[in-house]
Amino acid sequence: MREATREMEYDLAVMNPQTPPHAAELSLHQTLKRVEDYVREEPTKAVVVALGTGLVLNLLPTRMLAGVTASLATRLLPPVLLGLGVLKAFEICCEKEDARVP
């Protein structure tokens, strides 16, 4: 496991020599490597899992979920924008008062 981590770090350093790899980036690459190894070792199981996942995602009521999300967003957008406008106006007023005070 340590050798695989070192190999990943080396690969990332070669791809991006200016900045060291972030821990999340290393974790993602390790996970992708494990998935790739699993698919190479167990191709039949990987295909069955992919088909099952696709079937479950196809059965989800995506139109209903998208409709609910859009409806919620349109109802919440005006109050959020109003609040942000009031906050920005307050910031502008405070900046002008700070500039006046010697």
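Note that this is a predicted model, so its numbers are computed, not measured. (Residues numbered from 1 in each chain as written. Predicted model: local features only at pLDDT ≥ 70, side-chain atom pairs only at ≥ 80, totals over all residues. Heavy atoms only, no water.)

## A word on the overall build of the protein chain
To keep it simple, the criterion reads: By the criteria applied, helices consist of DSSP H or I runs no shorter than four residues and strands consist of E runs no shorter than two, each listed in order from the N terminus. We call a residue buried when its accessible area falls under 20% of the maximum for its residue type, exposed when it is over 50%, and partly exposed in between, using a 1.4 Å probe and counting protein chains only. All accessible areas in this document rest on Shrake-Rupley with a 1.4 Å probe, and a residue is counted as covered only by the protein chains that are shown.
A tally of helices and strands in the protein chain yields four helices and zero strands. Within the protein chain, the proportion of its 102 residues that are buried is 5%. Of the accessible surface of the protein chain, which amounts to about 9200 Å², a share of 67% is contributed by carbon and sulfur atoms.

## Considering the pattern of salt bridges
Note the threshold: Think of a salt bridge as a Lys or Arg side-chain nitrogen and an Asp or Glu carboxyl oxygen that are within 4 Å of each other.
In the structure shown here, the tally under the stated rule is three salt bridges. Across the pair Lys33 and Asp37 runs a salt bridge whose closest N-O atoms are separated by 3.8 Å. Here Lys33 pairs with Asp37, and both are found in helix H2 (residues 23-41), just four residues apart, close to one helical turn. Exposure remark for Lys33: the relative accessible area of 35% places this residue in the partly exposed category. On the basis of relative accessible area, Asp37 is assigned to the partly exposed category, the value being 29%.

## Observations regarding the state of the cysteines
For the record, the criterion: Pairs of cysteine sulfur atoms within 2.5 Å are identified as disulfides in what follows.
Considering all chains together, one arrives at zero disulfides under this definition. With no disulfide partner, Cys93 has as its closest neighbouring cysteine sulfur the one in Cys94, 6.9 Å distant. With a relative accessible area of 47%, Cys93 lands in the partly exposed category.

## Things to note about the confidence of the model for the protein chain
Test applied: How sure the predictor is of each residue is captured by pLDDT, a score from 0 to 100.
Mean pLDDT over the protein chain: 82, with 75% of residues reaching 70 or higher. The spread of mean pLDDT over the elements of the protein chain runs between helix H1 (residues 2-15), the lowest at 58, and helix H3 (residues 43-59), the highest at 91.

## Comments concerning the packing of H2 against H3
Short version of the rule: Note on definitions: angles span 0 to 180 degrees between N-to-C directions of axes, and those axes are lines fitted to C-alpha atoms, for helices only across the stretch in contact. Each angle receives one of four descriptions, namely roughly parallel if under 35 degrees, roughly antiparallel if over 145, roughly perpendicular if within 65 to 115, and oblique otherwise. Should any heavy atoms of two residues lie within 4.5 Å, those residues are considered in contact. Residues were grouped as follows: Ala, Val, Leu, Ile, Met, Phe, Trp, Tyr, Cys and Pro as nonpolar; Asp, Glu, Lys and Arg as charged; and all remaining residues, including Gly, as polar.
The interhelical angle for the contact between H2 and H3, taken along N-to-C directions, is 115°, at an axis separation of 5 Å. Relative to H3, the element H2 lies roughly perpendicular. Contact with H2, carried on its side by Tyr38, Val39, Arg40 and Glu41, involves Pro43, Lys45 and Ala46 of H3 and no other residues of that element. Residues belonging to the contact of H2 with H3 are distributed by class as follows: four nonpolar, no polar and three charged.

## Observations regarding a nonpolar patch on the surface
The line we're drawing: Patch building starts from residues that exceed 30% relative accessible area and form no salt bridge, then joins like charges within 9 Å and nonpolar side chains (Val, Leu, Ile, Met, Phe, Trp, Tyr) within 5 Å.
A surface patch of nonpolar side chains, about 670 Å² in accessible area, is lined by Leu72, Leu76, Leu77, Val80, Leu81, Leu84 and Leu87. The topology assignment puts Leu72 in helix H4 (residues 62-100).

## Re H3
Rule in force here: Helix span is expected to be 1.5 Å times the residue number reduced by one.
Its 17 residues place the ends of H3 24 Å apart at the C-alpha level, agreeing with the 24 Å of an ideal helix rising 1.5 Å per residue. Little of H3 is tucked away: one of the 17 residues are buried.

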